[in-house]
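One-letter residues, chain by chain:
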Amino acid sequence: MAETRTNLTDLDPVWTQIRAEAEDAVQEEPLLGGLIHSSILHHETIEAALAYRTAVKLASAEMSEQLIREIADAAYRADPEISLAARADMVAVRERDPACHRFFQPLMFFKGYQALQAYRIGHWLWSEGRRDMAYFFQMRVSETFGVDIHPAARIGKGIMIDHAHSIVIGETAVVGDNVSMLHSVTLGGTGKEEEDRHPKIGNGVLIGAGAKVLGNIRVGDCSRVAAGSVVLQEVPCKSTVAGVPAKVVGEAGCSQPSISMDQLFRK
């Protein structure tokens, strides 16, 4: 009886699309051929490609590319949720960022996506009790991408961090699923207490550029935080807050603000 073999790419439409787009990109820009081959086309799975990209980006004289890649490979083998989150994050970027025209772009060029995937490996290390290595990942992500996410923070799936410059997410912060945030967002504490001290961001929330959410407060599901706001109190679900300090100025304007990315307030 003839053996039937299934090509893994047939079962992974996101990875299949990435590879197809990468091949097109090589044809369009041959000078990027070596980079695209080593980063995408050389690998059989998206996990292998992610591990390679993370290792290339975070490697330094202090930690070799090979060691970081081994850590990343171990994380993807041990926790399938990391792989699912990576795909969901990529789809989120493709759907919500008008500057993203191909699925392969976040993997290759977008530091918000790359920093988030490196954080996920650091979070796995933290969960495994490998705290010092997790801190090392946090340090290198901050140095490389300008994104500082504590490895103990809990972040859901389908996250888009647009531009991503100067993002800060504290140790006890929780971010739900399908959240979008722009550059210079801070999810911080308000003092030096060591207990639960950082924000809890609900599902489907949109956080505008430069917004600061401070303290152990909840931002309700499907709400909006206007750019430049300083949020110090609870935010009701499906509402819009703005100002310094932020106050409720109206409803969210739609059922899924993090997906629509509409940041205008209409009375």
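Report on the accompanying structure. Everything numeric in this text was worked out from a predicted model, so none of it was measured. Each chain carries its own residue numbering, running from 1 in the written order of its sequence. Where totals are concerned, whole chains, interfaces and linings use all residues; where local detail is concerned, this predicted model gives features only for residues with pLDDT of at least 70, and gives and counts side-chain atom pairs only at 80 or more. Where side-chain values are given, they derive from all heavy atoms of the structure, hydrogens and water being excluded.

For the rest of this paragraph, the subject is the side chain of Gln-105. The secondary structure listing takes helices from DSSP runs of H or I that are at least 4 residues long and strands from runs of E that are at least 2 residues long, numbered from the N terminus. Its place among the elements puts Gln-105 in helix α6 (residues 104-109). Working definition: with a 1.4 Å probe on protein chains only, accessible area under 20% of the residue-type maximum means buried, over 50% means exposed, and in between means partly exposed. The exposure class assigned to Gln-105 is buried, which follows from its relative accessible area of 14%. In this structure, Gln-105 is in contact with Ala-99, Cys-100 and Phe-110, ignoring residues within four places of it in sequence. Should any heavy atoms of two residues lie within 4.5 Å, those residues are counted as being in contact.

Once that is clear, we can look at the pairing of strand β15 (residues 247-251). Across a regular strand the side chains alternate sides, sitting on one face of the sheet and then on the other. In short, DSSP must find at least two bridges between two strands for them to pair. The pairing of strand β14 (residues 239-242) with β15 spans 4 bridges and is antiparallel. Considered in β15, the bridge of Val-241 is made with Val-248. Linking two consecutive strands that pair antiparallel, namely β14 and β15, is a turn of 4 residues; a positive phi of about 110° is found at Gly-243 within it.

Below, the discussion takes up the environment of Asp-12. Its place among the elements puts Asp-12 in the segment before α1 (13-28). The spacing of Asp-12 and Thr-45 is 33 residues in sequence and 8.8 Å in space, taken between C-alpha atoms. Residues within four places of Asp-12 in sequence aside, it is in contact with Ile-46 and Arg-87.

Let us look at the pattern of salt bridges. In what follows, salt bridge is the name for a side-chain nitrogen of Lys or Arg lying within 4 Å of a carboxyl oxygen of Asp or Glu. Evaluation of the coordinates by the stated rule reveals 9 salt bridges. The shortest N-O distance in the salt bridge between Arg-218 and Asp-221 comes to 3.0 Å. By relative accessible area, Asp-221 is classed as partly exposed at 26%.

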